[in-house]
Amino acid sequence: MTLRIRMLPVLSAVVAVALPPSIALADTLQAGPGDPAWMHLGANALLWAHIGGGAIGMVTGVVALASRKGQRVHRAAGSIFFLAMFMAYAIGAGVAPFLETGQRPNFVAGIMALYLLVSGAMAARRRNAKAGAPEVIGLIVALSITAAGVIFMRMGAASPSGTVDGSPPPAFLLFTIAGIFAAAGELHVLIRKQLSNVSRIARHLWRMCFSLFIASGSFFLGQMQVFPEAIQDSVLLPILALAPLPVMLFWLGKVRFDAWRRRRMKAAIAA
């Protein structure tokens, strides 16, 4: 986890260097035939870093979920997941405002995914940390995401097309629900001042899993055209897109059940 946090400045610098070309790029992140070489290089770097980061992140995310928690495989997969997804989300959120077509929902989704990823990773690292500035900042971000979801739903309902940049109002329930849960989590930490180990692990689990869900949904449902038509017409893609959510619920239930069982065993021994 220390490696992941220390790599944040490096990743941020890489993304910052790569983002300027995006201001002049077209909707597909491809430079035009007459554009200078640096724009072509910048476009390719952004595109492949985004795709590669997302692909590696989803694979390592599955490995982290399937492996025994706290063991070497889990920690290694989690570290790679964090680094890969941080790059993919940062590029996605950074590029979205400069694309030719409206990308407001994608921009907010990228910010939300980044917020959940970073705060989830910090929950695993800060074992005995007390509430402070990270939770205050997190609360502001979570409330902003919630507000964006509500605003987009109202805008979509009032729009002649019934959408906001191509997304219908029900799609923005994701922002609202995730933002409310995240804000409640930040308030919980601020009120309690410090989380128990069980609450800390649960915070880590749901935030990392939901961040993975944003990636899986964006890929399997948002990029359906890259799959064969037979798969596009099946239920496989929705199942893969939603898969992180039941897995998240399983691990959250297991964490709570294990904690309850330990308390019962201690009570039985004490009696």
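The structure reproduced in this document is the subject of the present report. (Residues numbered from 1 in each chain as written. Predicted model: local features only at pLDDT ≥ 70, side-chain atom pairs only at ≥ 80, totals over all residues. Heavy atoms only, no water.)

Thoughts on the packing of helix 5 (residues 104-125) against helix 8 (residues 197-220)
As a packed pair, helix 5 and helix 8 sit with axes 8 Å apart at the nearest point and diverge in direction by 150°. Taken together, helix 5 and helix 8 sit at an angle that is classed as roughly antiparallel. Taken as a pair, helix 5 and helix 8 cross one another with a handedness that is left-handed. Where helix 5 abuts helix 8, its residues Ala109, Met112, Ala113, Tyr115, Leu116, Leu117, Ser119, Gly120, Ala121, Ala123 and Ala124 lie against Arg200, Arg203, His204, Trp206, Arg207, Met208, Phe210, Ser211 and Ile214. Considered class by class, the residues forming the contact of helix 5 with helix 8 number 13 nonpolar, 4 polar and 3 charged. (Axes fitted to C-alpha atoms, helices over the stretch in contact; angles between N-to-C directions. Helix = DSSP H or I, 4+ residues; strand = E, 2+ residues; numbered from the N terminus. Parallel < 35°, antiparallel > 145°, perpendicular 65-115°, else oblique. Left-handed = near helix turned anticlockwise from the far one by under 90°. Contact = heavy atoms within 4.5 Å. Nonpolar A, V, L, I, M, F, W, Y, C, P; charged D, E, K, R; others polar.)

A few points about a positive patch on the surface
On the surface, a cluster of positive charge is contributed by Arg256, Arg262, Arg263 and Lys266. You can see arginine 263 is positioned in helix 11 (residues 244-270). (Patch = residues over 30% accessible without salt bridge, like charges linked within 9 Å, V, L, I, M, F, W, Y side chains within 5 Å. Areas by Shrake-Rupley, 256 points an atom, 1.4 Å probe, with all protein chains shown as cover. Salt bridge = Lys/Arg side-chain N within 4 Å of Asp/Glu carboxyl O. Lys, Arg positive; Asp, Glu negative; His and termini not counted. Charge placed at Lys NZ, Arg CZ, Asp CG, Glu CD.)

Brief notes about the nonpolar core
The biggest cluster of nonpolar side chains holds 48 residues, and the ones touching the most others in it are Met85, Tyr89, Leu116, Leu117 and Phe175. Where this core is concerned, the elements lending two or more residues are helix 3 (37-66), helix 4 (72-95), helix 5, helix 6 (133-158), helix 7 (173-192), helix 8, helix 10 (236-242) and helix 11. Among residues more than four places away in sequence, those in contact with tyrosine 89 are Gly110, Ala113, Leu114, Leu117, Ser211, Leu212, Ile214 and Ala215. (Core = buried A, V, L, I, M, F, W, Y, C linked by side-chain atoms within 4.5 Å. Buried < 20%, exposed > 50% of the residue type's maximum accessible area, 1.4 Å probe, protein only.)

Considerations on the side chain of glutamate 186
Structurally, glutamate 186 is set in helix 7. Looking at glutamate 186, its side chain comes within polar contact range of the side chain of arginine 207, at 3.5 Å. With near-sequence residues (within four places) excluded, glutamate 186 lies in contact with Tyr115, Glu135, Gly138, Leu139, Arg203 and Arg207. (Polar contact = N/O pair within 3.5 Å; in protein donor to acceptor, adjacent residues only side chain to side chain.)

Observations regarding the side chain of serine 211
With respect to the helices and strands, serine 211 occurs in helix 8. A polar contact is formed between the side chain of serine 211 and the backbone oxygen of alanine 113, at a distance of 3.4 Å.

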